[in-house]
Protein chains: 2
Amino acid sequence: MAETNALPLVELAEQFAKLPGIGMKTAQRLAYFVMGMTENEAKAFADAIIKAHKTVHCCKVCQNLTDKDICPVCSDDMRDHSTICVVETPKDVAAFERTREYKGVYHVLHGLISPIDNVTPDKLKIKELLERVNNTEISEVIMATNPTVEGEATAMYISRLLKPLGIKVTRLAFGLPIGGILEYADEVTLYKALENRNEI
Amino acid sequence: MAETNALPLVELAEQFAKLPGIGMKTAQRLAYFVMGMTENEAKAFADAIIKAHKTVHCCKVCQNLTDKDICPVCSDDMRDHSTICVVETPKDVAAFERTREYKGVYHVLHGLISPIDNVTPDKLKIKELLERVNNTEISEVIMATNPTVEGEATAMYISRLLKPLGIKVTRLAFGLPIGGILEYADEVTLYKALENRNEI
């Protein structure tokens, strides 16, 4: 931002620029937009940041983000508490909930094992998962991490911890995405689709 | 956001979604990012919004945004105060300042005449410009609004107010952008470039 700009405006733009996917140019545009808000609107925006940060924390059971002690999914008696879907982030929980098909519960790891980024298993919510598995009756744990190197490694690591406990561990199916075109599928996806073919 | 998400998180995402160019999906991502901030970082972000909104206002002279009574450009004795560059927004001032070539001062209209959006001349800082022109010695007013219908109309409207006062009113040059390729220039730009050709 040119030096002719007011310092508080530059500071606000710098705050916006810290957000993921927001460059300095967009950050400036957002800062100018905030200047055009009414005082109440600006206050509501600032308050929402503080409030979300203060009141939202991890669910005691599944580690998903919630403003309650135990999140709505974990406290719902209608759900199957013996099936745990293990995901990387709270966003993944939201994605599964949008399918409206999954009736089990979740466990959020808050990351994936990645030695290169200095993320070791002890930094994830893995011991909480083991505790949960030990203290409640679990029939199946679904590893629903992303099909990436880190996702596969984490799924493998956790499954090796759970299998000796006699728990059924499953992995999401990989294959062609619905609506996808075979011609444009990458080799690994196509190979997986071929390998995991089903009888019709 | 799925209903499983904590309400304060949904509310924060809704605040982000009000910003220009930020859809609901990006807003959710930003809200999750804020959750990952430390408490101090979140507080600094919220404070920057409040502070910018409270301390930044229009310069008494040129109407550009500033946290002082009179902005740095208007209070700079080294600049040519008899040349006023009239622009639509504070962003345009920043753009001209980046050229490091313009030595005059500015006047920010905070909008363009646009009857369809219910923006009439009295909603812009036009009377402040006329006052300024009447009270100080001005040799030239440069109309630097965008080359759009609204920009042209506003430039024309203001020039008709200023010309009877015996003030030289100029308009930015339109032509091929530097580094542009002739083949891809639109017809109007090419016509303007031809019309405004200079002897070499």
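Relevant structure appears above.
Residues numbered from 1 in each chain as written. Chains lettered and ligands numbered in written order. Predicted model: local features only at pLDDT ≥ 70, side-chain atom pairs only at ≥ 80, totals over all residues. Heavy atoms only, no water.

Description of the pairing of strand β6 (residues 168–171) of chain B
Residues and elements named next belong to chain B.
Then comes step 1: Both strand β5 (residues 140–143) and β6 contribute to a ladder of four bridges, which runs parallel. What sits directly across from I142, in β6, is T170.
Then comes step 2: With respect to chirality, the unit in which β5 leads through helix α6 (residues 149–162) into the neighbouring parallel β6 is right-handed. (Pairing = 2+ DSSP bridges. Helix = DSSP H or I, 4+ residues; strand = E, 2+ residues; numbered from the N terminus. Right-handed = clockwise from strand over helix to strand, strands pointing away.)

Some remarks on the sheet that holds strand β4 (residues 104–108) of chain A
Residues and elements named next belong to chain A.
Then comes step 1: Sheet architecture is open: four strands sit in the order β4-β3-β5-β6, paired in parallel fashion. Where the open sheet ends on each side, the last strands, each with one partner, are β4 and β6 (168–171). The mean angle between the axes of side-by-side strands here comes to 25°, regardless of whether they run parallel or antiparallel.
Then comes step 2: With respect to the sheet, helix α4 (residues 90–99) is in contact with β3 (80–87) and β4, its orientation differing from that of β4 by roughly 160°. (Axes fitted to C-alpha atoms, helices over the stretch in contact; angles between N-to-C directions. Contact = heavy atoms within 4.5 Å.)

Brief notes about the sheet that holds strand β3 (residues 80–87) of chain B
All names here are of chain B.
Then comes step 1: Taken in spatial order, the four strands make up an open sheet running β4-β3-β5-β6, and their pairing is parallel. Every interior strand has two partners, whereas the edge strands, β4 (104–108) and β6, have only one. Neighbour to neighbour, the strand axes of the sheet diverge by 25° on average, direction disregarded.
Then comes step 2: Along the sheet, helix α4 (residues 90–99) contacts β3 and β4; its crossing angle with β4, the most-contacted strand, is approximately 160°.
Then comes step 3: Together, β3, β5 and β6 form the strand contacts of α6, whose direction differs from that of β6 by roughly 170°.

Details of the pairing of β4(A)
Residues and elements named next belong to chain A.
Then comes step 1: Counting buried residues in β4 gives five out of five residues, a clear majority hidden from the surface.
Then comes step 2: Pairing between β3 and β4: five bridges, direction parallel. Paired with C85 across the strands is Y106, a residue of β4.
Then comes step 3: Between the parallel elements β3 and β4, the chain passes through α4 in a crossover that is right-handed. (Buried < 20%, exposed > 50% of the residue type's maximum accessible area, 1.4 Å probe, protein only.)

Concerning the relation of the copies chain A and chain B
Then comes step 1: Once turned by 180° and shifted 0.0 Å along the axis, chain A lies on chain B with an RMSD of 0.1 Å. Between the two chains, the operation in question is that of a two-fold axis. For chain A, the minimum C-alpha distance to the rotation axis belongs to A46(A) and amounts to 2.1 Å. (Least-squares fit on C-alpha atoms with pLDDT ≥ 70 in both.)

A word on the environment of A173(A)
Then comes step 1: Looking at the secondary structure, you find A173(A) in the loop between β6 and α7 (187–195).
Then comes step 2: Considering only alpha carbons, one finds A173(A) and K127(A), 46 residues apart in sequence, at a separation of 26 Å.

Some points on the packing of helix α1 (residues 7–17) of chain B against helix α2 (residues 24–35) of chain B
Residues and elements named next belong to chain B.
Then comes step 1: The N-to-C vectors of α1 and α2 enclose an angle of 125°; their axes lie 8 Å apart at closest approach. With respect to their mutual orientation, α1 and α2 come out oblique. When the axes of α1 and α2 are compared, the crossing they make is right-handed. Packed against α1, whose contacting residues are L9, L12, A13, E14, F16 and A17, the element α2 presents M24, A27, Q28, L30, A31, Y32, V34 and M35 at the interface.
Then comes step 2: Split by residue class, the contact of α1 with α2 holds twelve nonpolar, one polar and one charged. (Parallel < 35°, antiparallel > 145°, perpendicular 65-115°, else oblique. Left-handed = near helix turned anticlockwise from the far one by under 90°. Nonpolar A, V, L, I, M, F, W, Y, C, P; charged D, E, K, R; others polar.)

Observations concerning the packing of aromatic side chains
Residue and element names in this part refer to chain B.
Then comes step 1: Under the definition given, this model contains eleven aromatic pairs over all chains.
Then comes step 2: Ring geometry for F96 and Y106: centres 6.4 Å apart, planes at 45°, overall tilted. Taken as a pair, F96 in helix α4 and Y106 in strand β4 lie far apart in primary sequence, ten residues in all. Taken individually, F96 and Y106 each receive the classification buried, so the pair is uniform in this respect. (Phe/Tyr/Trp six-rings, centres within 6.5 Å; stacked < 30°, edge-to-face > 60°.)

Focus on the side chain of Q15(A)
Then comes step 1: With respect to the helices and strands, the residue Q15(A) is situated in helix α1 (residues 7–17).
Then comes step 2: Overall, the relative accessible area of 10% leaves Q15(A) in the buried class.
Then comes step 3: When near neighbours in sequence (up to four residues on either side) are disregarded, Q15(A) contacts E41(B), A44(B), F45(B) and A48(B).

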